[in-house]
Amino acid sequence: MDDIIERLRPLAQRIVPQLRDTSRLVNDAIRDGQSVLFEGAQGTLLDIDYGTYPFVTSSSASAAGAAAGSGVGPTRIDSVVGSPRRIATRVGGGPFPTELFDATGDKLREDGAEFGSVTGRPRRTGWLICLRYATPRG
């Protein structure tokens, strides 16, 4: 164990000075009138709280997740902009009512390079129909 610590010490000396309390950093920027952009991934139906459980990711992937994951209170977020894709994709199991099992699905998969980032497994592809669920009702 001591050998591992000694081998990692030079790396730690480079990394530790870069560490910051990011929630404080972001909150200070907002307080000072700066614009802050949060980026999220996956989308509402994979959100651990609002998604199609048990076929979800382990994070808050909806817009509310920006507050949950950043340490910025939700009242400090002025606007949310969604950027939907033209198709829906899914890796693994779970409901997918518009899944395409034909040449169109294959073409969408190939054109969009829709393959798992770790496994390379082909993603399931289909038409995007659930945007109304992902937006606030008003």
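Residues numbered from 1 in each chain as written. Predicted model: local features only at pLDDT ≥ 70, side-chain atom pairs only at ≥ 80, totals over all residues. Heavy atoms only, no water.

Visitor: Is there a simple way to explain the overall build of the chain in this structure?
Guide: Summing up its helical and strand segments, the chain has 5 helices and 2 strands in all. Its helices and strands in sequence order give the chain the pattern α-α-α-β-α-β-α, from N to C terminus. Relative to its length of 138 residues, the chain is extended, with a C-alpha radius of gyration of 20 Å against a globular reference of 14 Å. Reported as C-alpha extents along the three principal axes, the dimensions of the chain are approximately 55 × 50 × 30 Å. (Helix = DSSP H or I, 4+ residues; strand = E, 2+ residues; numbered from the N terminus. Rg over C-alpha atoms; globule rule 2.2 N^0.38 Å.)

Visitor: I keep staring at the pattern of salt bridges and nothing clicks. Help me out?
Guide: Any two side chains of opposite charge can pair if their charged atoms end up close together. Taken as a whole, this structure holds 9 salt bridges when the rule is applied. Measuring nitrogen to oxygen at the nearest pair gives 2.1 Å for the salt bridge that ties R85 to E114. Within this pair, whereas R85 is found in the loop between α3 (65–70) and β1 (87–90), its partner E114 is found in the loop between α4 (103–111) and β2 (124–127), the two being separated by 29 residues in sequence. On the basis of relative accessible area, R85 is assigned to the partly exposed category, the value being 42%. Three or more residues are tied together by salt bridges with common partners; here these are D28, R31 and D32. (Salt bridge = Lys/Arg side-chain N within 4 Å of Asp/Glu carboxyl O. Buried < 20%, exposed > 50% of the residue type's maximum accessible area, 1.4 Å probe, protein only.)

Visitor: What's the story with the side chain of E99 in this structure? I'm lost.
Guide: Examined against the element boundaries, E99 turns out to sit in the loop between β1 and α4. Of the residues examined, E99 reaches a relative accessible area of 18% and is grouped as buried. A distance of 2.8 Å separates the side chain of E99 from the side chain of R124, its partner in a polar contact. Contacts of E99, omitting those with residues within four sequence positions, involve R124, T125 and G126. (Polar contact = N/O pair within 3.5 Å; in protein donor to acceptor, adjacent residues only side chain to side chain. Contact = heavy atoms within 4.5 Å.)

Visitor: Please explain the confidence of the model for the chain as it appears in this structure.
Guide: A low pLDDT means the predicted coordinates there should not be read in detail. Summing up the model confidence of the chain, the mean pLDDT is 88 and the portion of residues at 70 or higher is 98%. Taken element by element, the predicted model of the chain shows its lowest mean pLDDT in helix α5 (residues 131–134) (75) and its highest in α4 (96). (pLDDT = per-residue confidence, 0-100.)

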